[in-house]
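Coordinates in review
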Amino acid sequence: MSAPSLVLQFPAPDPAQSAVFMQAKLAYHTDSADLAEDLLNGVDAIVVIDTRSPEHYAAGHIPGAISFPHRTMDEHSTSALDRGKTYVVYCDGIGCNGSTKGAWKLARLGFKVKELLGGLDFWKRDGHPLATGMEAGRLGAAARCGC
């Protein structure tokens, strides 16, 4: 007699329920491979926001990202943002909630937003380059990692 399955202790949902759930999950998040591809292809429908402090941004950030610390986000500071864009927010990684706070603030103010899974940590783990200094920089074609 085989041992009872710990995985199946809670049965998997039917496929239609899984599809709805996974689609919703994808609506809230993106990963570094998809973001890198969009940056390389010059997709202008997205804007990448680094929600960390300016000092952390200057030390290393995703090329093309703008520095916009979550602590400074409010109705006044976001007034120049384009409401037609989707904002991809990130912070250091899964041990940091700056991107979640930034996403919450932006969404509450009426902006479309997605959170980068794993933040800057997963971006670096996937082999993508960093920009330094206060200039946003740009992700070049040499950055393709084949992720």
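To be clear, the structure that these remarks concern was listed above.
These numbers were taken from a predicted model, which means no experiment stands behind them.

1. A closer look at the overall build of the protein chain
The number of helices and strands found in the protein chain is 5 helices and 5 strands. Reading the helices (α) and strands (β) of the protein chain from amino to carboxyl end gives α-β-α-β-α-β-β-α-β-α. Across its three principal directions, the C-alpha atoms of the protein chain cover 65 × 35 × 25 Å. When burial is assessed residue by residue, the protein chain has 35% of its 147 residues classed as buried.

2. Some words on the state of the cysteines
The full count for this structure, using the stated rule, is 0 disulfides. With no disulfide partner, Cys91 has as its closest neighbouring cysteine sulfur the one in Cys96, 3.0 Å distant.

3. Remarks on the environment of Glu75
Assignment of secondary structure puts Glu75 in the loop between strand 3 (66-67) and strand 4 (86-90). A residue is classified by how much of its surface remains accessible, and Glu75, at 65% relative accessible area, is exposed. Distance in space between the C-alpha atoms of Glu75 and Arg108 is 9.7 Å, their sequence separation being 33 residues.

4. Considering the packing of aromatic side chains
As enumerated under the stated definition, the model contains 1 aromatic pair in all. With a centroid separation of 5.7 Å and an interplanar angle of 90°, the aromatic rings of Tyr87 and Phe111 are classed as edge-to-face. Taken as a pair, Tyr87 in strand 4 and Phe111 in the loop between helix 4 (98-108) and strand 5 (112-116) lie far apart in primary sequence, 24 residues in all. When the ring centre of Phe111 is taken as origin, the NZ or CZ atom of Arg83, which lies over that ring, is 4.1 Å away. Residue placement shows Arg108 over the ring face of Trp104; its charged tip is 4.5 Å from the ring centre.

5. Let's talk about the side chain of Ser99
Structurally, Ser99 is set in helix 4. Sequence-distant contacts of Ser99, that is, excluding residues within four places in its chain, are made with Thr51, Val89, Tyr90, Cys91 and Glu115.

6. What to know about helix 1 (residues 15-28)
For helix 1, which comprises 14 residues, the first-to-last C-alpha distance of 20 Å matches the rise-based estimate of 20 Å (1.5 Å per residue) to within 8%. For helix 1, the capping residue at the N-terminal end is Asp14, with a side-chain oxygen 2.9 Å from the backbone nitrogen of Ala16.

7. Focus: the sheet that holds strand 3
Taken together, the 5 strands give an open sheet; going across it, the order is 1-5-4-2-3, and neighbouring strands pair in parallel fashion. Because the sheet does not close on itself, it has two edges, and the strands there are strand 1 (29-30) and strand 3. Most of the contacts of helix 1 go to strand 5, to which it runs at about 95°, and overall it touches strand 1 and strand 5. In the packing of helix 2 (residues 32-40) onto the sheet, the strands contacted are strand 1, strand 2 (46-50), strand 4 and strand 5, and the crossing angle to strand 2 comes to about 120°.

8. Observations concerning the pairing of strand 2
Of all 5 residues making up strand 2, 5 are buried, and the element is well covered by its neighbours. Residues Ile46, Val48 and Asp50 of strand 2 are buried on one face, and the alternating residues Val47 and Ile49, pointing to the opposite face, are buried as well. One ladder, built from 5 bridges, connects strand 2 with strand 4; its direction is parallel. Within strand 4, the position partnered with Val48 by the bridge is Val88. Bridge count for strand 2 against strand 3 is 2 bridges, and the pairing is parallel. Of the residues in strand 3, the one forming a bridge with Asp50 is Ser67.

Reading the values: the criteria
Residues numbered from 1 in each chain as written. Predicted model: local features only at pLDDT ≥ 70, side-chain atom pairs only at ≥ 80, totals over all residues. Heavy atoms only, no water. Helix = DSSP H or I, 4+ residues; strand = E, 2+ residues; numbered from the N terminus. Buried < 20%, exposed > 50% of the residue type's maximum accessible area, 1.4 Å probe, protein only. Disulfide = S-S within 2.5 Å. Phe/Tyr/Trp six-rings, centres within 6.5 Å; stacked < 30°, edge-to-face > 60°. Lys NZ or Arg CZ within 6 Å of the ring centre and 35° of its normal. Contact = heavy atoms within 4.5 Å. Expected span 1.5 Å × (residues − 1). Polar contact = N/O pair within 3.5 Å; in protein donor to acceptor, adjacent residues only side chain to side chain. Pairing = 2+ DSSP bridges. Axes fitted to C-alpha atoms, helices over the stretch in contact; angles between N-to-C directions.

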